[in-house]
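# Understanding the architecture of this molecule
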Amino acid sequence: YTVSNITGTSQINVTNLGTDPHEICINFHFLKGVGDPCAIKFQLGTSGGLYSSNGYNQSWTYFNNTSSSTMVNTRNHDQTAFWLYNDNFTSPLNIYSGNVTLRRTIIGTYLLAGSAMSDRSENNNQYSNFTNGRVDISGACTQLRIYVDNGTNFAQGSVTVRTID
């Protein structure tokens, strides 16, 4: 499933994932939201709907791409969605490119691993971000939604979602 230009849309709904795929890969390129703050998040779901209970757990390590930068570790516990990018980066000036892979361990339980880069065209700041997480959606995964959390739209970017059964 590919959306080459998501400008002006508030969410991407992928309802054809199959039934509980072994792997779900989300690739995103030059993704940017509108409004401040604008967190880009995603949820998994079953045939009964999206899972929005407080069961998404995620951690990050990130650093500025300079030779003197130190790493920073953050986490979110019992959230209602995964963050596509770190929760410290919610400015609408940030542009995100990277990927997130979810691997099923047992029915409805997924481990997340991802890496991405954030940059800003007005000041050439660049950050590297690495993330891990887990969620149990209490059933076979059949869908996902990627959305801008503040209710506005995507300003630019493309997204591809692939699965391995």
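Residues numbered from 1 in each chain as written. Predicted model: local features only at pLDDT ≥ 70, side-chain atom pairs only at ≥ 80, totals over all residues. Heavy atoms only, no water.

### So, the environment of asparagine 94
Topologically, asparagine 94 is positioned in the loop between β8 (82-83) and β9 (95-106). Note on asparagine 94: relative accessible area 5%, which makes it buried. Linking asparagine 94 and glutamine 126, residues 32 residues apart in sequence, is a C-alpha distance of 9.3 Å. Not counting chain neighbours up to four residues away, the residues in contact with asparagine 94 comprise Leu31, Lys32, Phe89, Ser118, Asp119 and Arg120. (Helix = DSSP H or I, 4+ residues; strand = E, 2+ residues; numbered from the N terminus. Buried < 20%, exposed > 50% of the residue type's maximum accessible area, 1.4 Å probe, protein only. Contact = heavy atoms within 4.5 Å.)

### Some points on the sheet that holds strand β3 (residues 23-33)
The eight strands are arranged β1-β13-β3-β9-β10-β11-β6-β7 in an open sheet whose pairing can be described as antiparallel. Strands with a single pairing partner mark the edges of an open sheet, and in this sheet they are β1 (2-3) and β7 (72-79). Here nine bridges tie β3 to strand β13 (residues 154-164), and the two strands are oriented antiparallel to one another. In the sheet register, asparagine 27 faces β13, and the bridge partner there is threonine 160. (Pairing = 2+ DSSP bridges.)

### Description of the side chain of asparagine 57
Here asparagine 57 is to be found in strand β6 (residues 56-64). Accessibility expressed as a relative area gives 8% for asparagine 57, which makes it buried. Within the structure, the side chain of asparagine 57 is placed 3.2 Å from the backbone oxygen of glycine 55, a separation counted as a polar contact. A polar contact of 2.8 Å, which involves the side chain of asparagine 57, links it to the backbone nitrogen of aspartate 78. In contact with asparagine 57, not counting residues within four places along its chain, are Asn76, His77, Asp78, Phe82, Asn132, Gly133 and Arg134. (Polar contact = N/O pair within 3.5 Å; in protein donor to acceptor, adjacent residues only side chain to side chain.)

### A closer look at unusual backbone geometry
A cis amide bond links aspartate 36 to the next residue, proline 37, at an omega of 0°. By secondary structure assignment, the location of proline 37 is in the loop between β3 and β4 (40-46). Positive phi, close to 55°, is recorded for aspartate 78, a residue that is not glycine. Among the structural elements, aspartate 78 can be located in strand β7. Aspartate 78 sits in the partly exposed class, given a relative accessible area of 33%. A positive phi angle is found at serine 138, which is not glycine, with a value near 60°. Here serine 138 shows up in the loop between β11 (126-136) and β12 (143-148).

### Structural notes on the environment of serine 158
Here serine 158 is to be found in strand β13. Other than its neighbours up to four places away in sequence, serine 158 contacts Val3, Ser4, Asn27, Phe28 and His29.

### Examining the pairing of strand β2 (residues 11-14)
Walk down a regular strand and you will see the side chains alternate between the two sheet faces. Of the two faces of β2, the one holding Ile12 and Val14 is buried and the one holding Gln11 and Asn13 is not buried anywhere. Sheet topology note: the β2/β12 ladder contains four bridges and is antiparallel. Note that in β12 the partner of isoleucine 12 across the bridge is isoleucine 146.

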